[in-house]
Amino acid sequence: QVQLVESGGGLVQAGGSLRLSCAASGRTFSMYTTAWFRQAPGKEREFVAGMHWSGGSTYLDSVKGRFTVSRDNAKNALYLQMNSLKPEDTAIYYCAAAGPWGRLTMSDGEYAYWGQGTQVTVSS
């Protein structure tokens with residue numbers, strides 16, 4: 001099993017940057033596909049970015065070129081670098097894991113492990 005804890009959220013002005021971190025427990029983190037999701041008030045949770053256990057990544061169209069997902073298996077950590085933030089990026093951001101050897105998918109139902117979330121607020 002994997003336990004996930006996010007950090008790094010906060011309040012930032014439009015155009016600013018934040019880096020989210022997700023610390024994972026367990027010695028088999030490298031075997032898991034990981035992803036970031038977000039949920040804004042009154043909206044459904046949506047996929048933001050993900051990284052397959054083999055290293056491939058994919059992004060929500062609206063964040064391509066602005067967000068970068070990365071991971072450090074030696075540190076059991078997943079990251080989301082967010083640049084050029086917009087007010088519409090405001091949401092609670094969650095990290096999630098699927099596996100071992102999970103698929104990289106935009107469907108939240110595929111991910112069995114979730115963090116508690118971290119709030120990101122972008123002011124205009």
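Here's what I pulled together on the structure shown here.

1. What about the overall build of the chain?
From N to C terminus, the chain includes zero helices and 11 strands. Secondary structure elements of the chain, listed N to C terminal, follow the sequence β-β-β-β-β-β-β-β-β-β-β. Rg of the C-alpha trace for the chain: 13 Å, near the compact-globule value of 14 Å for 124 residues, within the 12% margin. By its C-alpha atoms, the chain is 40 × 25 × 25 Å across when sized along the principal axes. Across the 124 residues that make up the chain, the buried fraction comes to 44%. Within the chain, counting contacts between residues at least 6 apart in sequence, those at least 24 apart form 60% of the total. Carbon together with sulfur atoms contributes 47% to the accessible area of the chain, which is approximately 6,200 Å² in total.

2. Observations regarding the state of the cysteines
Inspection of every chain in the model, using the stated rule, returns one disulfide. Residue cysteine 22 pairs covalently with cysteine 95 via a disulfide, S to S 2.0 Å. Taking the torsion about the S-S bond as the criterion, the cysteine 22 to cysteine 95 disulfide, at about 50°, is right-handed. Of the two residues, cysteine 22 sits in strand β3 (residues 18-24) while cysteine 95 sits in strand β9 (residues 91-98), which places them 73 residues apart along the sequence. Cysteine 95 carries the same exposure label as cysteine 22, and that label is buried.

3. Topic: the side chain of threonine 34
By secondary structure assignment, the location of threonine 34 is in strand β4 (residues 33-39). Residue classification places threonine 34 among the buried residues on the basis of a relative accessible area of 1%. With residues up to four places along the chain from it excluded, the contact list for threonine 34 reads Phe29, Gly50, Met51, Arg71, Leu78, Ala96, Ala97, Leu104 and Tyr111.

Each value, and the rule that gives it
- Residues numbered from 1 in each chain as written.
- Predicted model: local features only at pLDDT ≥ 70, side-chain atom pairs only at ≥ 80, totals over all residues.
- Heavy atoms only, no water.
- Helix = DSSP H or I, 4+ residues; strand = E, 2+ residues; numbered from the N terminus.
- Rg over C-alpha atoms; globule rule 2.2 N^0.38 Å.
- Buried < 20%, exposed > 50% of the residue type's maximum accessible area, 1.4 Å probe, protein only.
- Contact = heavy atoms within 4.5 Å.
- Areas by Shrake-Rupley, 256 points an atom, 1.4 Å probe, with all protein chains shown as cover.
- Disulfide = S-S within 2.5 Å.

Remember, this is a structural readout, not a statement about activity or role.
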